[in-house]
Amino acid sequence: NTVQVTRPDGSTEVLRAKNILIATGGYATKVPIEGAEHAITSDEALHLESLPDKSVLIVGSGYIAVEFAGIFKGLGAEVHLMYRADKPLRGFDEECRAQVTENLGKRGVVCHPGHLPTKITKHAEDHYSATFKSPDGPEQTMEVGLVMMATGRRPRTQGLNLEAVGVQLNDKGAIKVDEVSATGVPGVWA
């Protein structure tokens, strides 16, 4: 098997190996709403120089959203967790989901189940308005110091030309593999 690698300086090198492992990682995604560019993701959250003076709104209900809700709350921020489902951690055990929801409330995290953000407006550094739809009423707005979206990740497979060598991607761009991580192309794993 061979792979051509392009270095940051633009030069290329052809590498040969019996087995090739494709492990390109992924990137955080945001809900496609007006003002989404004002929200940070978990990537940027790890590099914050300080906490905002006002509250933090986290959009999402997966384990990254729940984890950061606990982190920000533990650091003293007022935290709001907004998600479209009835409880966080969709796809997890129902008893676990109920216990996590209860524990978030006990820690002081304000949960907003069934809520959908529609717009983020930046007024100044550390001052945002988040507009959202609630399940039981008209659109509302919340003033916060930081908006974080923890709404999923996408694989970094674009531009690799994998299909040209027979490596198949699913509809989300992830590499299709079998139960032992083989791609279907002999000697290529992911």
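Parameters at a glance
Residues numbered from 1 in each chain as written. Predicted model: local features only at pLDDT ≥ 70, side-chain atom pairs only at ≥ 80, totals over all residues. Heavy atoms only, no water. Pairing = 2+ DSSP bridges. Helix = DSSP H or I, 4+ residues; strand = E, 2+ residues; numbered from the N terminus. Axes fitted to C-alpha atoms, helices over the stretch in contact; angles between N-to-C directions. Salt bridge = Lys/Arg side-chain N within 4 Å of Asp/Glu carboxyl O. Buried < 20%, exposed > 50% of the residue type's maximum accessible area, 1.4 Å probe, protein only. Phe/Tyr/Trp six-rings, centres within 6.5 Å; stacked < 30°, edge-to-face > 60°. Parallel < 35°, antiparallel > 145°, perpendicular 65-115°, else oblique. Left-handed = near helix turned anticlockwise from the far one by under 90°. Contact = heavy atoms within 4.5 Å. Nonpolar A, V, L, I, M, F, W, Y, C, P; charged D, E, K, R; others polar. Expected span 1.5 Å × (residues − 1). Core = buried A, V, L, I, M, F, W, Y, C linked by side-chain atoms within 4.5 Å.

A few points about the sheet that holds strand β6 (residues 79–83)
Judged by pairing direction, the sheet is parallel, and its four strands sit side by side in the order β7-β6-β5-β11 without closing on themselves. Each edge of the open sheet carries a strand with a single partner, namely β7 (110–113) and β11 (146–149). The mean angle between the axes of side-by-side strands here comes to 20°, regardless of whether they run parallel or antiparallel. Two elements, strand β5 (residues 56–59) and β11, share four bridges in a ladder whose sense is parallel.

Examining the pairing of strand β10 (residues 140–144)
Bridge count for strand β9 (residues 127–133) against β10 is five bridges, and the pairing is antiparallel. Residue pairing for β10: Ser-129 is matched across the bridge by Glu-143.

Side note on the pattern of salt bridges
Note on pairing: side chains with opposite charge can pair once their charged atoms come close. Inspection of every chain in the model, using the stated rule, returns eight salt bridges. Note that Glu-13 is salt-bridged to Arg-7, the shortest N-O span being 2.1 Å. Taking the relative accessible area as the measure of exposure, Glu-13 reaches 34% and is therefore partly exposed. Assessed through its relative accessible area of 38%, Arg-7 is described here as partly exposed. Taking the shortest distance from any N to any O, the salt bridge between Lys-87 and Asp-86 comes out at 3.2 Å. Residue Lys-87 is classed as buried on the basis of its relative accessible area, which comes to 17%. Overlapping salt bridges, with partners in common, bring together Asp-86, Lys-87, Glu-94 and Arg-97 in one network.

Description of the packing of aromatic side chains
The full count for this structure, using the stated rule, is one aromatic pair. Ring geometry for Phe-68 versus Phe-72: centroids 6.0 Å apart, planes at 40°, classification tilted. Remark: Phe-72 and Phe-68 occur in helix α2 (residues 63–74); sequence separation between them is four residues, near one turn of the helix. Each member of the pair, Phe-68 as well as Phe-72, is classed as buried.

Description of the packing of α2 against helix α3 (residues 94–107)
Where α2 meets α3, the axes come as close as 11 Å, and the angle between the chain directions of the two elements is 15°. It follows from the interaxial angle that α2 and α3 lie roughly parallel. The two elements α2 and α3 meet at a crossing, and its hand is left-handed. Each of Val-66, Ala-69, Gly-70, Lys-73 and Gly-74 in α2 lies in contact with α3, whose residues at this interface are Val-100, Leu-104 and Arg-107. Taken together, the residues of the contact of α2 with α3 break down into four nonpolar, two polar and two charged.

Details of α2
Spanning twelve residues, α2 covers 16 Å between terminal C-alpha atoms, matching the ideal 16 Å at 1.5 Å per step. Here α2 has its buried residues at Ala-65, Val-66, Phe-68, Ala-69, Gly-70 and Phe-72. Buried-residue contacts for α2 involve α1 (42–45), β5, β6, α3 and β11. Positioned one or two residues after α2, Gly-76 has a phi angle of 100°, which is positive.

Points about the nonpolar core
It is characteristic of soluble globular proteins that their nonpolar side chains tend to be buried jointly. Formed by 20 residues in total, the largest nonpolar core has its most connected members in Ile-58, Phe-72, Val-79, Leu-81, Leu-104 and Met-148. Put simply, the parts of the chain that give this core at least two residues each are β5, α2, β6, α3 and β11. It is α2 that contributes the most residues to this core, five residues altogether. Among all residues touching Val-79, those that are not within four sequence positions of it are Val-56, Ile-58, Ala-69, Phe-72, Lys-73, Gly-108, Val-109 and Val-110. Ranked by size, the runner-up nonpolar core spans 14 residues in total, among them Ala-130, Phe-132, Val-147 and Met-149.

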